Amino acid sequence: AVGRPTREWHLTDFDIGRPLGKGKFGRVYMVRTKTEPHYILALKCLYKSEIVQSRVEKQIRREIEIQQNLRHPHVLRLYGYFHDEKRIFLMLEFAGKGELYKQLTKYGCFTEKRSSRYIDQMADALMYLHAKHVIHRDIKPENLLLGINGELKIGDFGWSVHAPGNRRKTLCGTLDYLPPEMVEGREHSEKVDYWALGVLTYEFICGNPPFEDLSGHNATYRRIQRVDLKIPSKVSAEARDLIIKLLQYDPDKRIPLSEVRKHPWIVKYRSKGH
Ligand SMILES: Cn1ncc2ncnc(NCCc3cnc(NC(=O)Nc4cccc(C(F)(F)F)c4)s3)c21
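Remember, it's a predicted structure, so these values are computed and weren't measured experimentally.

S.K.: So what's going on with the overall build of the protein? Residues and values would help.
M.R.: Scanning the protein from terminus to terminus reveals ten helices and nine strands. On C-alpha atoms alone, the protein measures out to a radius of gyration of 19 Å, which is about the 19 Å that the 2.2 N^0.38 rule sets for 274 residues. Here the protein, with 274 residues, has 48% of them falling under the buried criterion. In the protein, the proportion of contacts linking residues at least 24 apart, taken out of those at least 6 apart, comes to 60%. Counting only carbon and sulfur atoms, one obtains 52% of the accessible surface of the protein, whose full area is about 14100 Å². Looking at the protein, you have 47 positive and 34 negative side-chain charges, and the mean spots of the two groups are 2 Å apart.

S.K.: Give me the lowdown on the sheet that holds strand E3 (residues 40-47), citing residues and values where you can.
M.R.: Strand order in the open sheet made by the five strands is E1-E2-E3-E5-E4, with antiparallel pairing throughout. Looking at which strands have only one partner, the edges of the open sheet turn out to be strand E1 (14-23) and strand E4 (78-83). On average, each strand axis in the sheet is tilted by 25° relative to the strand beside it, whichever way the strands run. Inspection of the sheet shows strand E2 (residues 26-33) paired to E3 by five bridges, in the antiparallel sense. Paired with Tyr29 across the strands is Leu43, a residue of E3. Against the sheet, helix H2 (residues 57-68) touches E3, E4 and strand E5 (87-93), its axis set at about 145° to E4.

S.K.: For the pattern of salt bridges, give the residues involved together with the corresponding values.
M.R.: A complete count under the given rule lists 19 salt bridges for this structure. Among the ionic pairs, Asp138 bridges to Lys140, the shortest N-O distance being 3.7 Å. Neither Asp138 nor Lys140 differs from the other in exposure class; each is buried. Among the salt bridges present, the one from Asp228 reaches Arg223, with a minimum N-O distance of 2.8 Å. Take Arg223: its relative accessible area is 13%, and that puts it in the buried class.

S.K.: Would you mind going over H2 in detail, with residue names and values included?
M.R.: Quick reminder: α-helices carry 3.6 residues per turn. Residues three or four places apart thus point the same way. Relative to the 16 Å expected for twelve residues at 1.5 Å per residue, H2 spans 16 Å between its end C-alpha atoms, a close match to the ideal helical length. Inspection of H2 places Gln59, Ile60, Arg62, Glu63, Ile64, Ile66 and Gln67 among the buried residues, and these make up the whole buried set. Where H2 is buried, its residues meet E3, helix H1 (48-53), E4, E5, strand E6 (134-135) and strand E9 (161-162).

S.K.: Go over the nonpolar core with me, naming the residues and quoting the values.
M.R.: The biggest cluster of nonpolar side chains holds 55 residues, and the ones touching the most others in it are Met122, Leu129, Ile154, Leu197, Phe204 and Val260. Take this core: its biggest share by element is eleven residues, from helix H6 (residues 191-206). Excluding residues within four positions of it along the chain, Val260 makes contact with Ile119, Ala123, Leu197, Leu242, Leu246, Ile255 and Ile266. Membership of the second largest hydrophobic core comes to 15 residues, among which are Phe25, Ile64, Leu78 and Leu90.

S.K.: How would you summarise the site of the ligand if you had to cite specific residues and measurements?
M.R.: Every one of the 21 residues lining the ligand counts as a neighbour, but Lys44, Gln59, Glu63, Glu93 and Ala95 are closest to it. One of the backbone nitrogen or oxygen atoms of Asp156 is found 3.2 Å away from a nitrogen atom of the ligand. With respect to the detected pockets, the ligand is housed in the largest pocket. Contributions of two or more residues to the shell around the ligand are made by E3, H2 and E5. Its residues assigned to classes, the shell around the ligand shows 13 nonpolar, three polar and five charged.

Rules used in this analysis
- Residues numbered from 1 in each chain as written.
- Predicted model: local features only at pLDDT ≥ 70, side-chain atom pairs only at ≥ 80, totals over all residues.
- Heavy atoms only, no water.
- Helix = DSSP H or I, 4+ residues; strand = E, 2+ residues; numbered from the N terminus.
- Rg over C-alpha atoms; globule rule 2.2 N^0.38 Å.
- Buried < 20%, exposed > 50% of the residue type's maximum accessible area, 1.4 Å probe, protein only.
- Contact = heavy atoms within 4.5 Å.
- Areas by Shrake-Rupley, 256 points an atom, 1.4 Å probe, with all protein chains shown as cover.
- Lys, Arg positive; Asp, Glu negative; His and termini not counted.
- Charge placed at Lys NZ, Arg CZ, Asp CG, Glu CD.
- Pairing = 2+ DSSP bridges.
- Axes fitted to C-alpha atoms, helices over the stretch in contact; angles between N-to-C directions.
- Salt bridge = Lys/Arg side-chain N within 4 Å of Asp/Glu carboxyl O.
- Expected span 1.5 Å × (residues − 1).
- Core = buried A, V, L, I, M, F, W, Y, C linked by side-chain atoms within 4.5 Å.
- Near = heavy atom within 4 Å.
- Polar contact = N/O pair within 3.5 Å; in protein donor to acceptor, adjacent residues only side chain to side chain.
- 1 Å grid on protein atoms, 1.4 Å probe; cavity = no way out; pocket = protein on both sides within 12 Å on 5 of 7 lines; lining within 4 Å.
- Sits in = over half its atoms within 2 Å of the grid points.
- Nonpolar A, V, L, I, M, F, W, Y, C, P; charged D, E, K, R; others polar.

And the structure:
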């Protein structure tokens with residue numbers, strides 16, 4: 001079907017506000033359209049030189065192609081993009097409460113109630129993505145944002161692919177969220193996101209990821225491959241149960257997302273309105 005013709009946008013269409021953050025490839029600014037209606041959005045500025053140098057132009061194209069067709073309350077919208085001779089600009093939904101990992105760093109860890117609600121929203125978003133055969137592949141606190149009402153928004157689809165994927169994920173950044181099948185370079189399915197959801201649940205409650213090994217990448221690899229999981233006694237029995245059901249070595253043994261949303265640890269904290 002012919003999509004709605006999106007108009008051409010230019011930097012001159014916006015008043016530039018405060019910087020919201022800076023990523024590896026550029027900065028994000030809060031901006032507002034100059035003309036009525038005044039839309040507030042987040043503008044991510046990427047330098048073409050950096051993108052070419054890091055040979056990620058294919059990934060950016062894929063991200064734009066994938067994320068422009070996604071519409072879900074817990075998936076950050078990508079409204080469109082434009083470029084000038086030096087830069088590419090991603091027009092993103094503005095997440096009013098900013099980056100989730102900053103809250104996690106500030107508080108150290110989250111209560112089980114807050115963690116449960118985030119995981120429920122994540123499972124909802126991942127069910128939507130997987131129904132469209134999109135694997136996110138990079139679920140981690142750094143890629144999660146919070147909307148104005150504190151609701152979770154998955155951002156940064158820079159590593160997402162259409163299932164099944166077997167692209168080597170060049171191991172930049174943290175390995176903590178990689179499942180055994182990706183660590184071993186084997187083919188992977190959307191079940192990599194189930195594993196990452198388990199890692200995220202653990203990290204929200206405990207404040208650090210389960211297979212973290214500060215002695216280095218290889219040590220983390222080994223702990224992931226062995227599913228060397230030690231869950232502290234402070235973690236409730238229900239949370240422990242869900243974490244173990246997601247962090248299964250065999251992808252086919254991981255609890256499906258529909259079951260995650262019915263799990264006692266999720267149901268008990270769901271806001272009464274649902
Ligand atoms: C901080 N902050 N506070 C509020 C707020 N509201 C909205 N957004 C924010 N921040 C931007 C969040 C992002 C969403 N999508 C992104 N996408 C991306 O960065 N893609 C991307 C870049 C470079 C290289 C690659 C590749 F190909 F290598 F993978 C992919 S970044 C906000």
